[in-house]
Amino acid sequence: MIVAPDPARPGEGLSMAADPALRAPGVALVGAEGTRVLDGLRAGLAAAFGGSEDHFLAPPVIARAVSERAGYPNAFPHLLGTVHGTEDDGPTDLVLTSAACHHVYPLLAGTVLGGERQFGVEAVCFRAEATAETGRLRSFRMYEVVRFGAPEEVQRWRDRALESAVEWVGGLGLTVEVVAANDPFFGRPGRLLAAVQRSEELKWELLAPVDDRQVQAIASANGHKDHFGAAFGLALADGSPAHSACVAFGLDRVVLALRHRHGERTGDWPAHVRQALALGPRPERTGGAASTSRGAQRAGEKGRTSR
Ligand SMILES: [Zn+2]
């Protein structure tokens, strides 16, 4: 998950090819320890965002028709990955999953909502990101909670979900900055406050440092209004399109932020963080080789740049 690691020191549970010729920037393997952390994050998210009727594990590909209906190729043509057959066949009926929640909308297409509905969904997503900065992955795991309902209810849920997300990552020892995704004045406190008070903002991001120089969005809370309800024919009882919202977590980025905050080795992470992730008690150190936790060294450090 580290984009440009030192091949000689790939880090606990994260791996990329040592030979640059065999390495794809933004594509990495998760090892055993990383997998345990991911499992802990999933369990924590399921507890923090209870109330989902069902939870889905989605494939890395999705029907091109769904992506088009969602409006993704129009809005982000440069990020979309497509699946091609032979040179003669050209593009297939599949594209790569851009956002986990895209898998949920077709399940409700053409139906009338009886009340609020909520689903969890996780997918391996792809976005053709051009940069090689830490955490700007091209292939990554996205965990989403998606809510459907009437306009006011969905708006209230989105606001609560944003708060819950901040609280949840706070419980993991992460301090995040909450910003309106499109606010170009990110970082100026006055503007930020004003932005947060603007209730029309549809997308909020939780930013956290993932290395000494780089801040990335580790989660976002998104209001869709009636975009997906209208696109997929999902109606309220009065016939108007249902509203929807989602809260999305970039699981790989959360892991990067945790490693930056608490140290490379999960054995060094604070007891309450290990407990929250079901990693068990801190392992006993043998001998006198205990190293200072990176997290302790970094407490209060403020290395960040805007995106
Ligand atoms: Zn979403």
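1. Observations regarding the overall build of the protein
- In terms of regular secondary structure, the protein is built from 10 helices and 12 strands.
- Every one of the 307 residues in the protein was classed for burial, and the buried ones make up 38%.

2. Quick notes on the pairing of strand 7 (residues 117-126)
- Among the 10 residues in strand 7, 8 count as buried, and that is most of the element.
- Bridging between strand 3 (residues 54-58) and strand 7 involves 5 bridges; their strand directions are parallel. Paired with D54 across the strands is F119, a residue of strand 7.
- Here strand 7 runs beside strand 8 (residues 139-149); their pairing, made up of 10 bridges, is antiparallel. In the sheet register, Q118 faces strand 8, and the bridge partner there is R147.

3. Details of the nonpolar core
- In this structure, A100, A165, I218 and A219 are the most contacted members of the largest nonpolar core, which totals 68 residues.
- No other element matches helix 5 (residues 151-171), which puts 7 residues into this core.
- Dropping the residues within four chain positions of it, A219 is found in contact with A165, V169, L206, V247, A248, F249 and G250.

4. Comments concerning the packing of helix 1 (residues 32-48) against helix 8 (residues 251-262)
- Packing of helix 1 against helix 8 brings their axes to within 10 Å, and their N-to-C directions diverge by 110 degrees. Judged by the angle between their axes, helix 1 and helix 8 are roughly perpendicular. In terms of crossing hand, the pair formed by helix 1 and helix 8 is right-handed. Between helix 1 and helix 8, the contacting residues are G34, V37, L38 and L41 on the first element and L251, V254, V255 and L258 on the second.
- Looking at the contact of helix 1 with helix 8 residue by residue, the class counts come to 7 nonpolar, 1 polar and no charged.

5. Here we look at the sheet that holds strand 8
- Spatially, 7 strands are ordered 3-7-8-12-11-10-9 in an open sheet, and the strand pairing comes out mixed. Both edges of this open sheet fall to strand 3 and strand 9 (177-180), since each of them pairs with a single strand only. Going from strand to strand, the sheet's axes swing by 20 degrees on average, the running direction of each strand aside.

6. Here's the deal with the confidence of the model for the protein
- Mean pLDDT over the protein stands at 84; residues scoring 70 or higher make up 81%.
- Ranking the elements of the protein by mean pLDDT puts helix 10 (residues 294-298) last with 42 and strand 4 (residues 61-63) first with 98.
- This stretch, residues 288-307, has a pLDDT under 50; its non-local contacts, to residues over four places away or in other chains, come to 22 contacts.

7. Here we look at the sheet that holds strand 4
- As summarised here, the arrangement of the 3 strands in space is 4-6-5, forming an open sheet in which the pairing is antiparallel. Of all strands in the sheet, those with a lone pairing partner are strand 4 and strand 5 (82-84), marking the two edges. The sheet shows a mean angle of 45 degrees between the axes of neighbouring strands, direction not considered.
- Here strand 4 runs beside strand 6 (residues 91-96); their pairing, made up of 3 bridges, is antiparallel. Considered in strand 6, the bridge of V61 is made with L96.

8. Considerations on the environment of G149
- Inspection of the secondary structure assignment puts G149 in strand 8.
- A tally of 21 C-beta atoms within 10 Å means that G149 is categorised as buried.
- Considering only alpha carbons, one finds G149 and A242, 93 residues apart in sequence, at a separation of 5.7 Å.
- Aside from chain neighbours lying at most four places away, what touches G149 is L113, E116, V154, A242 and H243.

9. Let's talk about helix 5
- With 21 residues, helix 5 should reach 30 Å at 1.5 Å per residue; the first-to-last C-alpha distance of 30 Å fits that figure.
- Of the residues making up helix 5, those classed as buried are V154, W157, R158, A161, L162, A165, W168 and V169. Projected down its long axis, helix 5 carries its buried residues within an arc of 145 degrees, all on one side. Along helix 5, exposed side chains directed more than 90 degrees from the buried face belong to E152, E163, E167 and G170.
- Buried positions along helix 5 lie against helix 1, strand 8, strand 10 (203-209), strand 11 (215-225) and strand 12 (243-250).
- At the exit of helix 5 stands G173, carrying a positive phi of roughly 85 degrees.

10. What to know about the environment of V169
- Note on placement: V169 falls in helix 5.
- For V169, a count of 23 C-beta atoms within 10 Å gives the class buried.
- Residues V169 and L258 lie 89 residues apart in sequence; the distance between their C-alpha atoms is 9.4 Å.
- Those residues in contact with V169, other than ones at most four positions away along the chain, are L174, V176, L206, I218 and A219.

Basis of the calculations
Residues numbered from 1 in each chain as written. Predicted model: local features only at pLDDT ≥ 70, side-chain atom pairs only at ≥ 80, totals over all residues. Helix = DSSP H or I, 4+ residues; strand = E, 2+ residues; numbered from the N terminus. Buried ≥ 20, exposed ≤ 12 C-beta atoms within 10 Å, placed from the backbone. Pairing = 2+ DSSP bridges. Core = buried A, V, L, I, M, F, W, Y, C linked by C-beta atoms within 7 Å. Contact = placed C-beta atoms within 7 Å. Axes fitted to C-alpha atoms, helices over the stretch in contact; angles between N-to-C directions. Parallel < 35°, antiparallel > 145°, perpendicular 65-115°, else oblique. Left-handed = near helix turned anticlockwise from the far one by under 90°. Nonpolar A, V, L, I, M, F, W, Y, C, P; charged D, E, K, R; others polar. pLDDT = per-residue confidence, 0-100. Expected span 1.5 Å × (residues − 1). Arc of directions from axis to C-beta.

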